[in-house]
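Spelled out from the first residue to the last, the chains are:
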Amino acid sequence: MQVIVLGGGLMGSATAFFLARRGIRVRLIERGHVGAGATVASFGNIRRTGRVLEQLPLAKRSLDLWSRAEELLGRDVEFRATGHLRLIFDEASRADMLRFAEAARPWGLELDQLEPAEIRRRFPGLGPSAIGASFSPRDGSANPRLVVPAFADAASRAGAEIIAHAGEPRIEKTEAGFKVRTTQGSFGADVLVNCAGAWGAEIARHFGEPVPLTAHGPQMGVTEPLPHRILPVVGIWSQDSGAYLRQVERGNVVFGGGVPRVPVAGTGFAQYDPAGLAVQLAKVVQLCPALADVTIIRQWSGCEGYLSDMLPVMGASGSTPGLFHAFGFCGHGFQLGPGVGDTMAELIATGTSATPIAAMSIARFAA
Ligand SMILES: Cc1cc2nc3c(=O)[nH]c(=O)nc-3n(C[C@H](O)[C@H](O)[C@H](O)COP(=O)(O)OP(=O)(O)OC[C@H]3O[C@@H](n4cnc5c(N)ncnc54)[C@H](O)[C@@H]3O)c2cc1C
């Protein structure tokens, strides 16, 4: 079997890696730089809290792989299981957290529920006005700049061919499978995997499977380096776009959320909207008052694909034998990446996957 994976983000590079480890011939084709799409812009949060419940088995598979990332990839991608603290500031959000914790337990996610005294004892300086919190000790973060190159290099060592700067590929269905014409040559395959992120809907449409995807840019920023004091990833439990932050080991505090995501125009370039910064910072300071007077050194965004039901598209095509999809991760794909790659490789190699992914099938949009 020869597989072509289209799109060299986290999903494509992880899929290529796990296929190559299974001994399957695989070529990863990226139109630009490997890892320069949504993944590099990511906040780097590896959290299961707050996910759509149907995603939790996939998130669990992924977390187990993140925990082994250094051994699997042969280098440190800065995965740290520092825990994920979600602070609560109002009763409606507390009720929401309790509902989620109850519903998530049968799916294997146990959340610690913290009262204010425990928050202050375990996490001094965080959320002084919080009325409660959830804490998920096995979750954490990794470095979005390191992870795709690490997966692509490891895939290459396992036998995958990585073709970057391929331009806009032209894709054809042939009798034998697929033909992909690029600026680096034409390549045939029995199986094509659509890992094109926010652009995955264009490939699906090409094969007669339109999906309701819109491209948006979450809003991110980073402070100057500060003494390292904040260990867990910290967020707000709220009904709106609650803010979140984490402090990297070098000391900078990365933050995001707190303002709506900005729509991305046809160019595919996401823009940071400076008008949101004051709102964003007010929420960041609610999480950690000591950040009130720090200097922001950079702001950015990234182009991510969102489906109308906030679930990605994952699994076999409904229209074209040999075509598979893994795109549109709705702002949650960084955590899922290794699990998506492993599950897609299993599905392609064996025709089935141990992790349930039916809720993410493209067939849900067929009607
Ligand atoms: C600002 C921001 C913050 C985020 N924070 C988090 C977070 O904290 N936690 C979390 O879990 N998730 C987060 N996410 C979401 C997560 O980063 C994405 O879901 C994930 O990285 C998507 O990976 P991908 O491989 O599907 O897409 P991408 O990384 O965008 O990769 C897709 C690749 O496909 C290529 N491509 C497109 N069309 C073609 C084509 N026709 N042929 C060849 N190549 C093509 C693109 O050039 C691109 O390199 C965030 C996203 C953004 C934008």
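Residues numbered from 1 in each chain as written. Predicted model: local features only at pLDDT ≥ 70, side-chain atom pairs only at ≥ 80, totals over all residues. Heavy atoms only, no water.

**Things to note about the overall build of the chain**
- In terms of helices and strands, the chain carries 10 helices and 22 strands.
- Computed over the C-alpha atoms, the radius of gyration of the chain is 20 Å, within 12% of the 21 Å expected from 2.2 N^0.38 for a compact globule of 367 residues.
- C-alpha extents for the chain along the principal axes are approximately 65 × 40 × 40 Å.
- In the chain, once contacts between residues fewer than 6 apart in sequence are set aside, the share between residues at least 24 apart is 73%.
- Per element, the accessible surface of the chain, about 15100 Å² overall, is 54% carbon and sulfur. (Helix = DSSP H or I, 4+ residues; strand = E, 2+ residues; numbered from the N terminus. Rg over C-alpha atoms; globule rule 2.2 N^0.38 Å. Contact = heavy atoms within 4.5 Å. Areas by Shrake-Rupley, 256 points an atom, 1.4 Å probe, with all protein chains shown as cover.)

**Side note on the sheet that holds strand β13 (residues 213-217)**
- The strand order β18-β13-β20 describes an open sheet built from 3 strands, whose pairing is antiparallel. One side of each edge strand has no neighbouring strand; the edge strands of this open sheet are β18 (262-263) and β20 (304-307).
- Looking at chain direction, β13 and β18 are connected through 2 bridges and run antiparallel. Along β18, the bridge assignment pairs H216 with P263. (Pairing = 2+ DSSP bridges.)

**Observations concerning the nonpolar core**
- Core analysis: the biggest nonpolar cluster contains 49 residues, and V3, L73, V193, M314 and V340 have the highest contact counts within it.
- Of all the elements, helix α1 (residues 10-21) adds the most residues to this core, at 8 residues.
- Those residues within four positions of V3 in sequence are excluded, and the remaining contacts are L19, I24, R25, V26, R27, A189, V191, V193 and I348.
- Core analysis: the next-biggest nonpolar cluster, separate from the first, contains 24 residues, V234, F255, L277 and V284 among them. (Core = buried A, V, L, I, M, F, W, Y, C linked by side-chain atoms within 4.5 Å. Buried < 20%, exposed > 50% of the residue type's maximum accessible area, 1.4 Å probe, protein only.)

**Brief notes about the site of the ligand**
- Taken together, the neighbourhood of the ligand is formed by 34 residues, with E30, A38, T39, E304 and Q335 sitting nearest.
- In this structure, an oxygen atom belonging to the ligand sits 3.1 Å away from a main-chain N or O atom of L10.
- Contact between the ligand and F43: a nitrogen atom at 3.1 Å from a main-chain N or O atom of the residue.
- Compared with its free state, where it exposes 1000 Å², the ligand has 96% of that area covered by protein.
- Here the residues of the shell around the ligand sort into 16 nonpolar, 14 polar and 4 charged. (Near = heavy atom within 4 Å. Polar contact = N/O pair within 3.5 Å; in protein donor to acceptor, adjacent residues only side chain to side chain. Nonpolar A, V, L, I, M, F, W, Y, C, P; charged D, E, K, R; others polar.)

**Re the pattern of salt bridges**
- One pass over the full model with this rule turns up 20 salt bridges.
- E102 is the salt-bridge partner of R105, the closest N and O atoms lying 3.4 Å from each other.
- E102 gets classed as exposed once you look at its relative accessible area, which sits at 52%.
- Counted as one network, the salt bridges with shared partners bring together K60, D64 and R138. (Salt bridge = Lys/Arg side-chain N within 4 Å of Asp/Glu carboxyl O.)

**A few points about the sheet that holds strand β1 (residues 2-6)**
- Spatially, the 6 strands line up as an open sheet ordered β8-β2-β1-β12-β22-β21, and their pairing is mixed. Either end of the sheet is taken by a strand with one partner, and the two such strands are β8 (161-163) and β21 (313-316). Taking each pair of neighbouring strands and ignoring which way they run, the sheet shows an average axis angle of 20°.
- Relative to strand β22 (residues 323-327), β21 runs antiparallel, the two sharing 4 bridges. Looking across to β22, one finds that G315 is bridged to H325.
- Strands in contact with α1 are β1, β2 (25-29), β12 (191-194) and β22; relative to β2, the strand with the most contacts, it is inclined by about 165°. (Axes fitted to C-alpha atoms, helices over the stretch in contact; angles between N-to-C directions.)

**Digging into the UniProt feature "domain: FAD dependent oxidoreductase" (unreviewed entry) in the chain**
- UniProt annotation of "domain: FAD dependent oxidoreductase" (unreviewed entry) refers to residues 3-347 when read in the numbering used here.
- For residues 3-347, helix accounts for 29% and strand for 27%, while the C-alpha atoms at its two ends are 13 Å apart. (UniProt positions renumbered as here; feature names shortened; annotations may be inferred.)

**Looking at the pairing of strand β16 (residues 244-247)**
- Pairing between strand β15 (residues 233-237) and β16: 2 bridges, direction antiparallel. The residue bridging G235 from the neighbouring strand is Y244, located in β16.
- The turn joining β15 and β16, which pair antiparallel and follow one another in sequence, is formed by 6 residues.
- Where β16 lies against strand β17 (residues 252-256), 4 bridges are found, and the strand directions are antiparallel. Looking at β17, one finds that Q247 is bridged to V253.
- Following β16, the chain reverses through 4 residues before pairing antiparallel with β17; G251 in that reversal takes a positive phi of roughly 115°.

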